[in-house]
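Below, each chain spelled out in residue letters.
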Amino acid sequence: MPAREPENIMVLPRLREPDAALRDKNVVVVSHAPRQLEGAGFPVRRPFPSQAISWTMSDPFLLLDHMGAVEYAPGEAKGAPWHPHRGFETVTYMMDGAFRHRDSNGGGGLITNGDTQWMTAGAGILHDEMPPDELVRTGGLFHGVQLWVNLPRRLKMTPPRYQSISADKVLLLASSDGTAIIRLIAGSLGSFQGPGVTWTPITVAHVSVTANAQFRTTWPASYNAMAYILAGQGRVGADDAPVAEGDGIVFGPGDTVRIRANAQQDAPTPRLELLLLGGEPIREPIFSYGPFVMNTRSEILQAIEDFQSGRMGHIPASQLFGD
């Protein structure tokens, strides 16, 4: 899991150790994500939304898909061909392998090994996310996540935009004792700010905790707090709830998030790897239909009509033929 690794963790800026008197958040839910097929048939785990983790719990996040890790044979790699979105943002973070993004607004590019693409669908956009030809031809390791971030009613129809956050732009931090690496993609931890520009106040970070070590950080009081285990095993929260790869976690009240890595980790993963995320809940009605997430049924019907009428953009002719 290369993502972005520091050459020397000892020189990274360090998060301040939270006061011992601060209260660790308890754990409300630990739910193992089921496997399913998405797009043109690539495997994902989806910790939320689920029966255990509802939109109310994950607000302002709508969906999280864990793509892989999978070792594709030649000809096996698949993606998500051209499709529309309206009313939210998609965030794709690649740890291994590569994905190519193209959209009807002119945004896109190749994301690989620690890169992030942040697409605000807003009023409407068409895009595709496909493995590059080389990965399809030769096969190889593929591992990433895609997060859907809701937009509040007042921003549902904001103009689309695209952000490319290359791995070297992600802010690398270390825990106070140097036993954890934090890749801050968006939002803030302590006094540090990640590079992602967000409409909704959120924090998204990829955290690697050394075996038999602990990571503890303060958390904004107005944010909910969640985690997803990408690899490894550990314990989380004031309850020391056991967690392993594929587990989605919702934290409850408290001042700090605490993550412990088990002393023994499954090879080839020497650390506990997790996505740590949270944000200010929007607390508005959600009405969704496939790739559209709005507030009312009438807005969904309007989205379908706008898509069918071409008002969400058009696929460039050259891209229809794969150029």
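Computed from a predicted structure; not experimentally measured. (Residues numbered from 1 in each chain as written. Predicted model: local features only at pLDDT ≥ 70, side-chain atom pairs only at ≥ 80, totals over all residues. Heavy atoms only, no water.)

Q: Which parts of the structure should I look at to understand the overall build of the protein chain?
A: Counting its secondary structure elements, the protein chain contains four helices and 26 strands. Taking the principal axes of the C-alpha coordinates as reference, the protein chain spans close to 60 × 45 × 35 Å. Counting all 323 residues of the protein chain, 54% fall into the buried class. Looking at the protein chain alone, contacts between residues at least 24 apart form 73% of all its contacts between residues at least 6 apart. Carbon together with sulfur atoms contributes 53% to the accessible area of the protein chain, which is approximately 13,500 Å² in total. Treating the 27 positive side-chain charges of the protein chain as one cloud and the 33 negative ones as another, the clouds have centres 4 Å apart. (Helix = DSSP H or I, 4+ residues; strand = E, 2+ residues; numbered from the N terminus. Buried < 20%, exposed > 50% of the residue type's maximum accessible area, 1.4 Å probe, protein only. Contact = heavy atoms within 4.5 Å. Areas by Shrake-Rupley, 256 points an atom, 1.4 Å probe, with all protein chains shown as cover. Lys, Arg positive; Asp, Glu negative; His and termini not counted. Charge placed at Lys NZ, Arg CZ, Asp CG, Glu CD.)

Q: So what exactly am I meant to see when it comes to the sheet that holds strand β4 (residues 61-72) here?
A: For sheets, the rule is that strands pair by backbone hydrogen bonds, running either parallel or antiparallel. Pairing is antiparallel in the open sheet, where seven strands are placed in the order β2-β3-β4-β11-β6-β9-β12. Only two strands of the sheet have a single neighbouring strand rather than two, namely β2 (35-38) and β12 (161-165). Across the sheet, the axes of successive neighbouring strands diverge by a mean angle of 25°, strand direction being ignored. Note: strand β3 (residues 42-48) against β4, three bridges, orientation antiparallel. (Pairing = 2+ DSSP bridges. Axes fitted to C-alpha atoms, helices over the stretch in contact; angles between N-to-C directions.)

Q: Is there a simple way to think about the sheet that holds strand β19 (residues 226-231) in this case?
A: Pairing is antiparallel across the open sheet formed by seven strands, whose spatial order is β1-β22-β19-β24-β17-β14-β13. Edge positions in the open sheet fall to β1 (27-32) and β13 (171-174), since each of these has one partner strand only. Neighbour-to-neighbour, the strand axes of this sheet turn through a mean angle of 20°, independent of strand direction.

Q: Any chance you could explain the pairing of strand β10 (residues 125-130) here in plain terms?
A: A regular strand carries its side chains on alternate faces of the sheet. Across the six residues of β10, five count as buried, placing the element largely inside the fold. Pairing geometry for strand β5 (residues 80-85) and β10, over four bridges, is antiparallel. From the neighbouring strand, A80 faces β10, where its bridge partner is E129. Taken together, the four bridges between strand β7 (residues 98-103) and β10 define a ladder with antiparallel strand orientation. When the sheet's bridge partners are listed, R100 is paired in β10 with M130.

Q: What exactly am I supposed to notice about unusual backbone geometry here?
A: For residues besides glycine, phi is generally negative; the peptide bonds are generally trans as well. A cis amide bond links D59 to the next residue, P60, at an omega of 20°. If you trace the backbone, P60 turns up in the loop between α1 (55-58) and β4. Put simply, G68 and A69 share a cis peptide bond, and its omega is 0°. Turning to its location among the elements, A69 is positioned in strand β4.

Q: How should I be thinking about the packing of aromatic side chains in this particular structure?
A: Aromatic ring pairs are defined here through the distance separating the ring centres and the angle between the ring planes. Inspection of the entire model under this criterion finds four aromatic pairs. Arranged with centres 5.1 Å apart and planes meeting at 65°, the rings of F99 and F142 form a pair that is edge-to-face. Placement of the pair is F99 in strand β7 and F142 in strand β11 (residues 140-150), with a sequence separation of 43 residues. Summarising the burial analysis for this pair, F99 and F142 share the class buried. Aromatic ring contacts, followed pair by pair, group Y72, F99 and F142 into a single cluster. (Phe/Tyr/Trp six-rings, centres within 6.5 Å; stacked < 30°, edge-to-face > 60°.)

Q: What is the right way to look at the side chain of T256 in this model?
A: Tracing the chain through its elements places T256 in strand β23 (residues 256-261). Side chain to side chain, T256 and D24 meet in a polar contact 2.4 Å long. The residues touching T256, leaving out its near neighbours within four places in the chain, are P18, L22, R23, D24, K25, R216, T217 and T218. (Polar contact = N/O pair within 3.5 Å; in protein donor to acceptor, adjacent residues only side chain to side chain.)

Q: Teacher, can you tell me more about the side chain of R45 here?
A: Structurally, R45 is set in strand β3. A relative accessible area of 8% places R45 in the buried class. Of note is the side chain of R45, whose polar atom sits 3.1 Å from the side chain of E245. Excluding its chain neighbours within four sequence positions, the residues that come into contact with R45 are H32, A33, P34, R35, L64, D65, H66, Y228, E245 and G246.

Q: How do you make sense of helix α3 (residues 297-308) when you look at a structure like this?
A: Each turn of an α-helix holds 3.6 residues, which means side chains three or four residues apart point in the same direction. When the terminal C-alpha atoms of α3 are compared, their 17 Å separation across 12 residues agrees well with the 16 Å that a helix rising 1.5 Å per residue should span. If you check which residues of α3 are buried, you get I300, A303 and D306. Viewed end-on, α3 has its buried residues packed into an arc of 125°, placing them on one side of the element. More than 90 degrees from the buried face of α3, the exposed residues found are R297, S298 and Q308. Taken together, the buried residues of α3 touch β25 (287-289) and β26 (292-294). A positive backbone phi angle near 85° is found at G310, which sits one or two residues after α3. (Expected span 1.5 Å × (residues − 1). Arc of directions from axis to C-beta.)

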